[in-house]
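# Structure assessment
Residue strings, one per chain:
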Protein chains: 2
Amino acid sequence: MISSKTNEVVISSRIRLARNLQDFAFPARLTEEKAKQVLNKVADCIVALGGFKVYVMQKLDYYDSMVMQEKHLISNKLVENPSGAVLLNEDETVSIMVNEEDHIRAQCILEGLELEQAYRIISDIEDEITKNIDLAFDQNLGYLTACITNVGTGMRASCMMFLPGLTLSGNMTELVNYASSKGLTIRGAFGEGSNSEGYMYQISNATSLGLSEREIIGRVKEAVEQISAIELAEREKLAKNSPILIKDRVFRAWGLLTNAYTLSDKEFLKLIGDLKLGMYLNIIRLKTPQLVTKLTFQCMQHSMAKISGKHLTQEQIEVYRAEYVAHMLKSKRI
Amino acid sequence: MISSKTNEVVISSRIRLARNLQDFAFPARLTEEKAKQVLNKVADCIVALGGFKVYVMQKLDYYDSMVMQEKHLISNKLVENPSGAVLLNEDETVSIMVNEEDHIRAQCILEGLELEQAYRIISDIEDEITKNIDLAFDQNLGYLTACITNVGTGMRASCMMFLPGLTLSGNMTELVNYASSKGLTIRGAFGEGSNSEGYMYQISNATSLGLSEREIIGRVKEAVEQISAIELAEREKLAKNSPILIKDRVFRAWGLLTNAYTLSDKEFLKLIGDLKLGMYLNIIRLKTPQLVTKLTFQCMQHSMAKISGKHLTQEQIEVYRAEYVAHMLKSKRI
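Residues numbered from 1 in each chain as written. Chains lettered and ligands numbered in written order. Predicted model: local features only at pLDDT ≥ 70, side-chain atom pairs only at ≥ 80, totals over all residues. Heavy atoms only, no water.

All names here are of chain A. In this structure, M160 sits in strand 8 (residues 155–162). Distance in space between the C-alpha atoms of M160 and S204 is 9.0 Å, their sequence separation being 44 residues. With sequence-adjacent residues up to four places away left out, M160 is seen in contact with V9, V10, I11, S12, H72, A189, M200 and Y201. (Helix = DSSP H or I, 4+ residues; strand = E, 2+ residues; numbered from the N terminus. Contact = heavy atoms within 4.5 Å.)

Right, here's the structure in full:
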């Protein structure tokens, strides 16, 4: 019962483990040859599992690597490392970066509030790895990592949350402080500087030391469920107390998404956020609601360029995005 | 040839004459009884012409008087005068205010650049008046008026102009200064403070002394024709140099006009201005282009309230306007 309502707020859950090989220096201090050895060792374990493909950053097309970044499958830091590589399973729920900040950064992203399930999947992969590879581990500290914030479990548990109610009611600052007091971090999901593009936020554990994996997941999950309940209450409050304001916001978003001649990614995310809020509040209905989430990824900068199949300037991408979005949405309104 | 293109810029032409009766003090110093005598004398002349109706301000419904103000048929000053009245002909092209700042303020408004024709109509009416009434006239000064800026011909010749090209290219300030050097005044047509609501401006002669009526009209007409030519060139330049920006502006205006849930009069005028620019540049086409001008008057604050047939709050008027505009426009796009 919790899950169906909570999933209106929790877009996805992510578990990430940082691991390093015992007999190798951390990637920042590793020779290219040694880095290659690390990659070979890890790839051998993972490919044996079946269903994974290896992408070496140096051989990857610029656009493809940017698209992977937009999908949160790899980081900018990985692209910059000449020995960086990523292993992806077919549905891209599991991504294993090799030679990023640590030798291994394995993550699993699942839709909705599914932290335990994501942890199970990533644990199984870790078990496979440890069958053949000795990991850097200290009896007192736990797993050793390049950055001390990851020492211990080497785990980060996070959820991507859609928080229009808390944002529009002006309660985000309070929430960020509350989360901080609980050892959790909240930040805007799109772009570092802009805190609330499309009302999307990421909540995660701030440190990975001193608690077990189960405890960390439990804390994040508990906070996410609390925030979800508050968020949904705020949405109802907005709809009740400011119906004109909310309806206007939603219908204007629709009007611009289906009519603008050019759309920046920033504005697109904002408008899609308003549309999603309107769909939740039954102000506006689409034949295929899931289309909106799909569009969000398709319309990111480089994914859009890739879809167009052309080499487009920044200006041309924004015109293409507007046309694409209008085309995809226009006939879908009920 | 000039006229069809010029009329894309000149919305309407207006001639206004200020006249006073010889044997009466100016309205500000007039007793109520004397003011009534003035009204009776003027009304007798005008009603004899046929086709005119008399509206006494004190007996007029609040909304009706506000609607008349929005149509520029009467002034706020007239409403405030307890002895104020207006005589209107059937199509409302001629309005004769009695006991405003002067005893008589007679105006004729015609569509397009029609200053001479408007002057002819208002002159004929003046001739009728002078058959029965002695007007305050000085051999040296000309017609005497309550405010010295009107002394002389007592005439103001003005045109309402739609200047999106000059506004968007940032050349309005220069134009205002140029006009001022020619003894002309340009000001925003809607609201005193806001200079360019909907890109609408009024250009008129600054003083009425020292030139004949024909000369004043000639000067205003010449300036209006010059400005029209520059305005049309600026529009072409914008379309050529900033096609994305202009198309985006036009299509966003359409998106908001047909989707917003609430629309202030200020925003409405802005969006309608963008839509009209888009229609001129063939970026967007409507089955019934003249609808846009009609909407502009219908959607003014009090006209809108009257159309709704209900007593609406400010907030409700803005919601009603959005619904009305969307309804009127939606099916009209080609």
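Moving on, we get to the interface of chain A and chain B. The interface is formed by 17 residues belonging to chain A together with 17 residues belonging to chain B. Taken together, the two surfaces of chain A and chain B that pack against each other cover about 1500 Å², and 62% of this comes from carbon and sulfur. Contact with chain B buries surface across chain A, with I244, R252 and Y261 of chain A losing the most and accounting together for 40% of the total. Across the pair E267 of chain B and R252 of chain A runs a salt bridge, and its minimum N-O distance is 2.7 Å. At the junction of chain A with chain B, the criterion picks out 10 residue pairs in polar contact (both at pLDDT 80 or more). Taken together, the elements giving at least two residues each to the side of chain A that touches chain B come down to helix 9 (243–257) and helix 13 (314–330) of chain A. Looking at the side of chain A that touches chain B, the element that brings in the most residues is helix 9 of chain A, giving eight residues. Split into classes, the residues belonging to the side of chain A that touches chain B amount to eight nonpolar, three polar and six charged. (Buried area = accessible area lost by both parts, 1.4 Å probe. Salt bridge = Lys/Arg side-chain N within 4 Å of Asp/Glu carboxyl O. Polar contact = N/O pair within 3.5 Å; in protein donor to acceptor, adjacent residues only side chain to side chain. Nonpolar A, V, L, I, M, F, W, Y, C, P; charged D, E, K, R; others polar.)

This part covers the environment of D134 of chain A. Examined against the element boundaries, D134 of chain A turns out to sit in the loop between helix 5 (115–132) and strand 6 (137–138). Linking D134 of chain A and N20 of chain A, residues 114 residues apart in sequence, is a C-alpha distance of 8.7 Å.

Backbone-to-backbone hydrogen bonds join strands into a sheet, with any given pair of strands oriented parallel or antiparallel. Residues and elements named next belong to chain B. Reading across the sheet, the eight strands line up as 2-3-4-5-1-8-10-9 and stay open at both edges, with antiparallel pairing between neighbours. Where the open sheet ends on each side, the last strands, each with one partner, are strand 2 (52–56) and strand 9 (184–188). For this sheet the average axis-to-axis angle between neighbouring strands, irrespective of direction, equals 20°. Summarising the sheet, strand 1 (residues 10–19) and strand 8 (residues 155–162) pair through seven bridges and their orientation is antiparallel. Considered in strand 8, the bridge of R16 is made with R156. The sheet contacts of helix 7 (residues 172–181) involve strand 9 and strand 10 (200–205), and relative to strand 9 the element is tilted by about 150°. (Pairing = 2+ DSSP bridges. Axes fitted to C-alpha atoms, helices over the stretch in contact; angles between N-to-C directions.)

Let us now look at the packing of aromatic side chains. By convention here, two paired aromatic rings are described through the distance between centres and the angle between planes. Residue and element names in this part refer to chain A. Evaluation of the coordinates by the stated rule reveals 10 aromatic pairs over all chains. Seen from their ring centres, Y62 and Y63 are 5.5 Å apart, and the 75° between their planes marks the pair as edge-to-face. Judged by its relative accessible area of 23%, Y63 is partly exposed. Geometry around Y143 places R19 over its ring, the cationic atom sitting 3.5 Å from the centre. Between the NZ or CZ atom of R235 and the centre of the ring of Y280, over which it lies, the distance is 4.6 Å. (Phe/Tyr/Trp six-rings, centres within 6.5 Å; stacked < 30°, edge-to-face > 60°. Buried < 20%, exposed > 50% of the residue type's maximum accessible area, 1.4 Å probe, protein only. Lys NZ or Arg CZ within 6 Å of the ring centre and 35° of its normal.)

For the rest of this paragraph, the subject is the domain arrangement of chain A. All names here are of chain A. Assigned domains of chain A: these are domain 1 (6–233) and domain 2 (243–329). Using C-alpha coordinates to define each centre, domain 1 is positioned 28 Å away from domain 2. Contact with domain 1, which involves 17 residues of that partner, is made by 19 residues of domain 2. A combined buried area of about 1700 Å² lies between domain 1 and domain 2, and 69% of that area is made up of carbon and sulfur atoms. Taken together, domain 1 and domain 2 are joined by one salt bridge. Residue K306 is joined to D64 by a salt bridge in which the shortest nitrogen-to-oxygen separation is 2.7 Å. Sort the elements by how many residues they give to the side of domain 1 that touches domain 2 and helix 3 (residues 62–70) lands first, with six residues. (Domains from an automatic or database assignment.)

The description of two packed helices rests on the angle between their axes and on the distance between the axes. All names here are of chain B. Relative to each other, helix 2 (residues 32–49) and helix 5 (residues 115–132) sit at 130°, their axes nearing to 9 Å. Classed by the angle they form, the pair helix 2 and helix 5 counts as oblique. In this structure, helix 2 crosses over helix 5, and the sense of that crossing is right-handed. When helix 2 is examined against helix 5, the residues C45, I46 and L49 are found in contact with a partner set consisting of I125, E128, I129 and N132. Looking at the contact of helix 2 with helix 5, its residues break down into five nonpolar, one polar and one charged. (Parallel < 35°, antiparallel > 145°, perpendicular 65-115°, else oblique. Left-handed = near helix turned anticlockwise from the far one by under 90°.)

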